[in-house]
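# Commentary on secondary and tertiary structure
Read off the chains here:
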Amino acid sequence: MSDQIKSIVEKLNKEPFKKNYNLITFDSLESMQLLQLLNDVLGEIDPKHVVDIREEMPEQTAKRMLSLLGILKYKPPGSITDLSTFRQGLFIGSKPVIHPVLHWLLQRTNELKKRAYLARFLIKLEVPAEFLQDDTVADTNKQYEDLMEAFKNLHKECEQLKTSGFSTAEIRRDITAMEEEKDQLIKRVERLKKRVETVQNHQRMFEIARQLRVEKEREESLAQQKQEQKNQLFHAEQRLQRVQLQLKEMQHAVVDSKPESLMKRLEEEIKFNSYLCSEKFPRELESKKQSLYFLQKVVSEPAMGQSDLNELETKINEVNAQINQLIEKKMLKYEPIDSKFSMYRQQASIISRKKEAKAEELQGAKEEMSNMERQMLQKANQARELDGTEVLKGDEFKRYVNKLRSKNTFYKKKRQEIAEITAEYGILQRTEELLKQRHEAIQQQLQAIEDKKGISGYSYTQEELERVSAAKSEMDEMKGRTLDNMSEMVKKLNAMVADKKSSLAPIIKELRQLRQNCQELTQECDEKKVQYDSCAAGLESNRSTLEQEVKGLREECIREESCYHHTNCMKKNLEVQLQRAKDEMKTYVSPDPQDRRKAIREQYTRMILEQENLGKKLREKQKAVRESHGPNMKQAKMWRDFEQLMECKRECFLKQQNQTSVGQVIQEGGEDRLVL
């Protein structure tokens, strides 16, 4: 590490930096100074980065430095494996992050200058695929790529010329040799012209050769136009497929949907989104901020050893034990009402946790559904590319499943019927065998009787004739029915085909017109959308710049206006004070005693004398009060005692009157008697 710092200091003390650092001063640089030093080195590599970092936001500085380091293909050392850690260290100006960057930059400054120069012209601007559908944007992008390739070739040639070691003398010799060759070629061309002039129709041959060259060039341009039109057709077909897919998705979404169901779905989505925005996301954001605050606090603190960690663990265990004790005390002091409240609180917390869990599950399900939809779209495209058929989805798939279910039930029903028919067939087969056995026995009896009568074979011949005649009649009848059915079917099919053609003819005609209109409107919509987006982007940028200018001018106007009013008020106050001072001076130096008495100085002098006299009288009065305070307090106490004595006498007198009105006490012989 010390060798690295030495190398950095040596490079910084040389041209073009000339910092005059030593190891101590360089190591004592603060984070802001380190960032400014790194910015100066980057500004030497790329002049666009010559700025004062105090005049821009820290986020902009870190973003700018990271982008340039990415262009220069800087890789953090092995000790910094996490990119976020590297970004955080670059943001706060950490020495373990800044020092390796400075060492890497200063070791290969010339190479990095060249790389930064080439990056300005060779970093390709990525244009979204939907914008490349526009012909103008596609042509501009192609020109941009061609210019980039031309720059690459020119730069390579320039580098080759720099490294080839050609001298100016050799180049001049080459130029003179080329001029001589040029003169020789001109002479040869003149000799050939003289020879050709003797040939008949040489002008016509020249014209034919010129036309041949023109036609070849035209053929090349037409081939290029053909290729471009093929590319445009391919892009248009892709865009048409995307639009048709979007149209089908919208149609599937609208099929079998009612306004009430749509409104209900929208209300549910609004409730869910409002819950996420008002409760879930703020809570998560607060927790993230708190964890970030703790992490920043941990990062800002110095490195801790194992003893510090052990001490922190003991403190944490002590605090946890205290918390558990307090919880136990609180649980012991719970009243019934508090226990009910705790039960409700517990239920509310459980419900809130369930709500959060369900919200997270719903959000995960939505993300999974979006992923599955993307996969389904990819699989549908792959299936369409393989066999050209579309994959069923949405309501079509539901109808297909319902159709399969109905066919399954129909299949089960028919299978049951087949089982019944099979059982019945077994019974009939057994009956047929029995009947055959009986028929054979009867035939044997009949043959024996025919042999006995001398007419053997008569019954067999008669049966064969009857069977053949019956089969012939059935066949004739079947042929007649078949011919009639075929003729009727042909007539019906012809009539149906004619009806369908007549009914579909106007619809097909209208559909062709509508398809053409749809293509034109789609193309016009895309063009207008591109124009609108470009116009909106330009207007938005202009509006933002104008708003910033207006805001700055308004603030400047308000500051100037407040400054003007403040200055005006100060001016008026100073004028009033100056006028009062002039009037005071005029009255003070006036020979008239009446005017001099009106002066403020005289008035204040009189007021001071009056106040001094008043203070003197008050001090005398205070002195008299202090002297008479003791006797007066004694006299006041005597009056209060006298007042209590008189009050006591009055109460005794009232009691005596009450006693005399009730009766009379008579004392005789040592006895007291009450006479009423």
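Calculation notes
Residues numbered from 1 in each chain as written. Predicted model: local features only at pLDDT ≥ 70, side-chain atom pairs only at ≥ 80, totals over all residues. Heavy atoms only, no water. UniProt positions renumbered as here; feature names shortened; annotations may be inferred. Phe/Tyr/Trp six-rings, centres within 6.5 Å; stacked < 30°, edge-to-face > 60°. Helix = DSSP H or I, 4+ residues; strand = E, 2+ residues; numbered from the N terminus. Buried < 20%, exposed > 50% of the residue type's maximum accessible area, 1.4 Å probe, protein only. Expected span 1.5 Å × (residues − 1). Salt bridge = Lys/Arg side-chain N within 4 Å of Asp/Glu carboxyl O. Core = buried A, V, L, I, M, F, W, Y, C linked by side-chain atoms within 4.5 Å. Contact = heavy atoms within 4.5 Å. Patch = residues over 30% accessible without salt bridge, like charges linked within 9 Å, V, L, I, M, F, W, Y side chains within 5 Å. Areas by Shrake-Rupley, 256 points an atom, 1.4 Å probe, with all protein chains shown as cover. Lys, Arg positive; Asp, Glu negative; His and termini not counted. Charge placed at Lys NZ, Arg CZ, Asp CG, Glu CD.

Per an unreviewed UniProt entry, the chain goes by Intraflagellar transport protein 81 homolog and derives from Chelonoidis abingdonii. Its UniProt record, at the heading Subcellular location (unreviewed entry), says of the chain: "Cytoplasm, Cytoskeleton, Cilium basal body".

## Observations concerning the packing of aromatic side chains
Inspection of every chain in the model, using the stated rule, returns two aromatic pairs. Ring centres of Trp639 and Phe642 lie 6.0 Å apart, and the angle between their planes is 90°; this geometry places the pair in the edge-to-face category. Linking Trp639 with Phe642, this pair stays in helix 18 (residues 629-662), spanning three residues, or about one helical turn. For Phe642, a relative accessible area of 44% corresponds to the partly exposed category.

## With respect to helix 7 (residues 109-122)
The terminal C-alpha atoms of helix 7, which comprises 14 residues, lie 20 Å apart, in line with the 20 Å expected from a rise of 1.5 Å per residue. For helix 7, the full list of buried residues reads Thr109, Leu112, Ala116, Leu118 and Ala119.

## A word on the pattern of salt bridges
A full pass over the atoms with the stated rule returns 14 salt bridges. Of the charged contacts, one joins Lys142 and Asp146 as a salt bridge, the two residues approaching to 3.6 Å between their closest N and O atoms. Taken together, the residues Lys142 and Asp146, both in helix 8 (residues 135-164) and four residues apart, mark about one turn of the helix. A single salt-bridge network, built from bridges that share partners, covers Glu540, Arg543 and Glu547.

## Digging into the nonpolar core
In this structure, Leu12, Phe26, Leu38, Leu69, Leu72, Leu102 and Leu105 are the most contacted members of the largest nonpolar core, which totals 31 residues. Mapped onto this core, the elements with two or more residues apiece are helix 1 (2-13), helix 3 (31-45), helix 4 (58-71), helix 5 (83-92), helix 6 (95-107) and helix 7. Excluding its chain neighbours within four sequence positions, the residues that come into contact with Leu69 are Leu42, Tyr74, Phe86, Leu90, Val101 and Leu105.

## Quick word on the side chain of Thr61
Topologically, Thr61 is positioned in helix 4. Setting aside its immediate chain neighbours within four residues, Thr61 contacts Ile53 and Glu56.

## Focus on a negative patch on the surface
On the surface, Asp135, Asp139, Glu228, Glu520, Glu524 and Glu527 cluster together into a patch of negative charge. The element that contributes the greatest number of residues to the negative patch is helix 15 (residues 458-588), accounting for three residues. Take Asp139: it is sitting in helix 8. Taking relative accessible area as the criterion, Asp139 reaches 41% and is therefore assigned partly exposed.

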